[in-house]
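Residues per chain are reported as follows:
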Amino acid sequence: MTPSYEPHTYPARLSDAERDRALAVLREGAAQGKLSHETFVRRMELALAARQSADLALLTSDLDTEGRFSRRMFGAVSRASAFTVRLRRAWTTERLPKLLLPEPGPTPLLIGRDVGNGLRLSHETVSRRHAELLRQGGLWILRDLGSTNGTCVNGRRVTGTAVVNDGDQVSFGRMSFRLSAS
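Criteria and thresholds
- Residues numbered from 1 in each chain as written.
- Predicted model: local features only at pLDDT ≥ 70, side-chain atom pairs only at ≥ 80, totals over all residues.
- Heavy atoms only, no water.
- Phe/Tyr/Trp six-rings, centres within 6.5 Å; stacked < 30°, edge-to-face > 60°.
- Buried < 20%, exposed > 50% of the residue type's maximum accessible area, 1.4 Å probe, protein only.
- Axes fitted to C-alpha atoms, helices over the stretch in contact; angles between N-to-C directions.
- Helix = DSSP H or I, 4+ residues; strand = E, 2+ residues; numbered from the N terminus.
- Parallel < 35°, antiparallel > 145°, perpendicular 65-115°, else oblique.
- Contact = heavy atoms within 4.5 Å.
- Nonpolar A, V, L, I, M, F, W, Y, C, P; charged D, E, K, R; others polar.
- Salt bridge = Lys/Arg side-chain N within 4 Å of Asp/Glu carboxyl O.

A.B. asks: Got a minute to help me understand the packing of aromatic side chains in this structure?
C.D. replies: Each aromatic ring pair is described using two quantities: the centre-to-centre distance and the angle formed by the ring planes. Here the structure, examined in full by the defined rule, presents 1 aromatic pair. With 6.3 Å between their ring centres and 45 degrees between their planes, phenylalanine 172 and phenylalanine 177 make a pair best called tilted. Both residues of the pair, phenylalanine 172 and phenylalanine 177, belong to the buried class.

A.B. asks: Explain the packing of helix H1 (residues 16-31) against helix H2 (residues 37-49) here, please?
C.D. replies: Packing of H1 against H2 leaves a shortest axis separation of 10 Å and a crossing angle of 175 degrees. Relative to H2, H1 is oriented roughly antiparallel. Side by side, H1 and H2 meet where Arg19, Leu23, Leu26, Arg27 and Ala30 of the first sit next to Phe40, Arg43, Met44, Ala47, Leu48 and Ala49 of the second. Taken together, the residues of the contact of H1 with H2 break down into 8 nonpolar, no polar and 3 charged.

A.B. asks: How should I be thinking about the pattern of salt bridges in this particular structure?
C.D. replies: Here the idea is simple: oppositely charged side chains can pair when their charged atoms come close. Counted by the stated rule, this structure contains 3 salt bridges. A salt bridge links glutamate 45 to arginine 42; the shortest N-O distance between them is 3.6 Å. Residue glutamate 45 and its partner arginine 42 are both found in helix H2; the two are separated by 3 residues, about one turn of the helix. On the accessibility criterion, glutamate 45 (44% relative accessible area) is partly exposed. Given a relative accessible area of 46%, arginine 42 falls into the partly exposed group.

This is the structure:
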């Protein structure tokens with residue numbers, strides 16, 4: 001019986017480039033506040049002593065935003081955040097006082113603190129001539145008139161004009177309403 005000799009394979013030695021990439025990921029993680037100073041120093045020591053690529057991967061896996069797990073985790077957190085925002089907006093919008101859309105006419109409904117406005121809002125965050133609401137081509141258009149504290153539709157600031165619909169949340173300064181057709 002003849003002995004069989006199999007060549008011994010050694011794990012590939014880490015290249016300087018691999019180690020540098022891992023160190024860069026650790027530095028970036030520390031700069032973004034993802035690692036405490038102590039954790040950063042310990043991982044740097046481990047990265048410098050690492051002998052295999054797998055060792056470096058373990059040290060940076062929670063910092064690697066390109067990894068599949070990280071993308072899935074960030075996606076899940078993003079979706080959960082968006083849901084809570086939509087839920088809060090729906091809860092808040094339903095509890096707001098109604099602002100009835102006016103009968104369409106040739107002139108816009110002026111909104112503001114001035115007594116000559118069609119809708120007078122007596123609040124210090126509302127400008128004298130704050131906004132106007134008009135029916136144009138079958139659509140309701142809300143236009144900010146250069147107000148100091150802004151006009152918002154569904155939480156987004158209006159710069160110029162915005163199309164609004166029944167059920168939208170509108171804000172003039174800090175006064176908020178839910179638009180209603182009836």
